[in-house]
Amino acid sequence: MPFNTYPFELPPLPYEYDALEPYIDAETMFYHHDKHFAAYINNLNKAIEPYPNLQELTLEQLLTWTRFLPQDTYTKIMQNGGGVYNHNLFFNGLAPYDAHLNAPAQTLLSDIENTFFSLDNFKKVFSEEALRVFGSGWTCLIYTRQGGLKIINLKNQDTSLVLKARPVIIMDVWEHAYYLKYKNARADYIDALWHVIRFP
Ligand code: MN
């Protein structure tokens, strides 16, 4: 994570805007990173600015030590901090197509096969879950606290942190992530995204 404490800064995109073409177009990447992600960073900073005690906390602490958050800024911090956390995972979890990066390493592959039968079936089940997100949200493969693999959907900017889970891969299924190129065809966007997902 490039984040330490307030003031949070927009991490640079780890590749060029057009690096994920033709799967994700440069214009979408520009707006998604430089406008949407940047807005979550700016609004998180604004929400924390009046509270010096919160300025000492890391992003993960802000999102999990919720009892420390004053009532009048709680929602702003959870929504914008969640947006920062999720988008950071998302952009770092993509890479220009590369056969090596685009496939899970042996340990993860074994866990996927044990849980979902095969990598292809895992992708099919994950894609179905991503299509099921109603409104705005995310689909995420996590290692649960117990160590098993699980696919979860997150509403709006909820994060997997509340489950004390370790995120493995994440897809942004907010319309802002695909509407410029794919319009309402979320399924086509999800299919395309599989080519640029970077497995850990
Ligand atoms: Mn997004």
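A brief report on the enclosed structure follows. Please read all numbers here as calculations on a predicted model, not as lab measurements.

Some details on the coordination of the manganese ion
Point 1. Taken together, His32 (NE2), His87 (NE2), Asp172 (OD) and His176 (NE2) make up the full set of protein donors to the manganese ion, lying 1.9 to 2.1 Å away.
Point 2. With a relative accessible area of 0%, Asp172 lands in the buried category.

Considerations on the side chain of His32
Point 1. With respect to the element layout, His32 can be found in helix α1 (residues 26–48).
Point 2. Accessibility expressed as a relative area gives 1% for His32, which makes it buried.
Point 3. Separated by 3.1 Å, the side chains of His32 and His87 make a polar contact.
Point 4. When sequence neighbours within four positions are dropped, the list of residues in contact with His32 reads Phe37, His87, Phe90, Phe91, Asp172, His176 and Ala177.

Some details on helix α7 (residues 186–193)
Point 1. Those residues of α7 that fall on the buried side of the exposure criterion are Arg186, Tyr189, Ile190, Ala192 and Leu193. Taken end-on, α7 shows its buried residues confined to a sector of 160°, consistent with a single buried face.
Point 2. Its buried side turned inward, α7 meets α3 (71–92), α5 (119–132), β3 (166–172) and α6 (179–182).

Reading guide: rules and limits
- Residues numbered from 1 in each chain as written.
- Predicted model: local features only at pLDDT ≥ 70, side-chain atom pairs only at ≥ 80, totals over all residues.
- Heavy atoms only, no water.
- Donors = N, O, S within 2.8 Å, 3.2 Å for Na, K, Ca; no water.
- Buried < 20%, exposed > 50% of the residue type's maximum accessible area, 1.4 Å probe, protein only.
- Helix = DSSP H or I, 4+ residues; strand = E, 2+ residues; numbered from the N terminus.
- Polar contact = N/O pair within 3.5 Å; in protein donor to acceptor, adjacent residues only side chain to side chain.
- Contact = heavy atoms within 4.5 Å.
- Arc of directions from axis to C-beta.

Nothing here speaks to function; it is all geometry.
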